[in-house]
Amino acid sequence: MASGALVRADIDAGINLIRALDERKFGVAAALWLYNGDVENWRMVIAYRGARKDLEKKYLDAATIAADWRKARPDEPILDLSKVKITSSDDRLIAGLGTAMRVDGLGEVRFSHNTIDGIYVEDALIHRLAA
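The structure presented is a predicted model; accordingly, all values stated were derived computationally and were not measured. (Residues numbered from 1 in each chain as written. Predicted model: local features only at pLDDT ≥ 70, side-chain atom pairs only at ≥ 80, totals over all residues. Heavy atoms only, no water.)

**Student:** Quick rundown of the overall build of the protein? Include the residues and the values.
**Tutor:** Within the protein, the secondary structure is distributed over three helices and five strands. Going from the N terminus to the C terminus, the protein shows its helices and strands as α-β-β-α-β-α-β-β. Computed over its C-alpha atoms, the radius of gyration of the protein comes to 14 Å, within 12% of the 14 Å expected for a compact globule of 131 residues. Dimensions along the principal axes, computed over C-alpha positions, put the protein at roughly 40 × 35 × 25 Å. Taking all contacts inside the protein whose residues are at least 6 apart in sequence as the whole, residues at least 24 apart take part in 63%. Surface exposure of the protein reaches about 6,900 Å², of which carbon and sulfur atoms provide 50%. Placing the 19 positive and 20 negative side-chain charges of the protein at their respective mean positions leaves the two points 5 Å apart. (Helix = DSSP H or I, 4+ residues; strand = E, 2+ residues; numbered from the N terminus. Rg over C-alpha atoms; globule rule 2.2 N^0.38 Å. Contact = heavy atoms within 4.5 Å. Areas by Shrake-Rupley, 256 points an atom, 1.4 Å probe, with all protein chains shown as cover. Lys, Arg positive; Asp, Glu negative; His and termini not counted. Charge placed at Lys NZ, Arg CZ, Asp CG, Glu CD.)

**Student:** I'd like to hear about the nonpolar core, residue by residue, with values.
**Tutor:** Counting 26 residues, the largest nonpolar core has L17, L21, F26, W33, M44 and I46 as the members making the most contacts within it. Residue assignment for this core shows that the elements contributing at least two residues are helix 1 (8–23), strand 1 (28–36), strand 2 (41–48), helix 2 (55–72) and strand 3 (84–88). For this core, the leading source of residues is helix 1, giving seven residues. Once you skip the residues sitting within four places of it in the chain, M44 turns out to touch G14, L17, I18, L32, W33, L79, K83, V84, K85 and H127. (Core = buried A, V, L, I, M, F, W, Y, C linked by side-chain atoms within 4.5 Å. Buried < 20%, exposed > 50% of the residue type's maximum accessible area, 1.4 Å probe, protein only.)

**Student:** So what's going on with the pairing of strand 5 (residues 119–129)? Which residues, and what values?
**Tutor:** Within strand 5, eight of the eleven residues are buried, leaving the element largely enclosed by the surrounding structure. In terms of strand pairing, strand 1 meets strand 5 through five bridges, oriented antiparallel. Directly across from W33, in strand 5, lies its bridge partner L125. Here strand 4 (residues 109–116) pairs with strand 5 via seven bridges, running antiparallel. When the sheet's bridge partners are listed, F111 is paired in strand 5 with A124. (Pairing = 2+ DSSP bridges.)

**Student:** Describe the side chain of S88, and please don't skip the residues or the numbers.
**Tutor:** Position of S88 among the secondary structure elements: in strand 3. For S88, a relative accessible area of 1% corresponds to the buried category. Among the polar contacts listed, one links the side chain of S88 to the side chain of D90, at a separation of 2.2 Å. Excluding anything up to four places from it in sequence, S88 contacts A47, Y48, G50, A51 and R52. (Polar contact = N/O pair within 3.5 Å; in protein donor to acceptor, adjacent residues only side chain to side chain.)

Encoded structure:
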């Protein structure tokens, strides 16, 4: 991933990750790219429906799902999990964004230079933000 820039190849690979997770009923409640200006990089954040205590299991599930996608679709890139943060839908940022907007399906909504629930969002590209 280019430092400071979110490139189309990464966006598309991230969308494929969301699709793969959806196919396997992962429970994606929110999916977005979030820019961290301190380290000048973008990271995909995926929030699942369910308890925070299941976080470790969800990472393992996502790794299995991504590996299966790579085997079944070697010509369709999927985002490497090293570029992904998985959290539960009760994450403070996700919950705050959910009070401000809703993005169903797989969209591309830009959200920049705003504060939500006391958290400053320098830049984000939101693919899904469901209730």
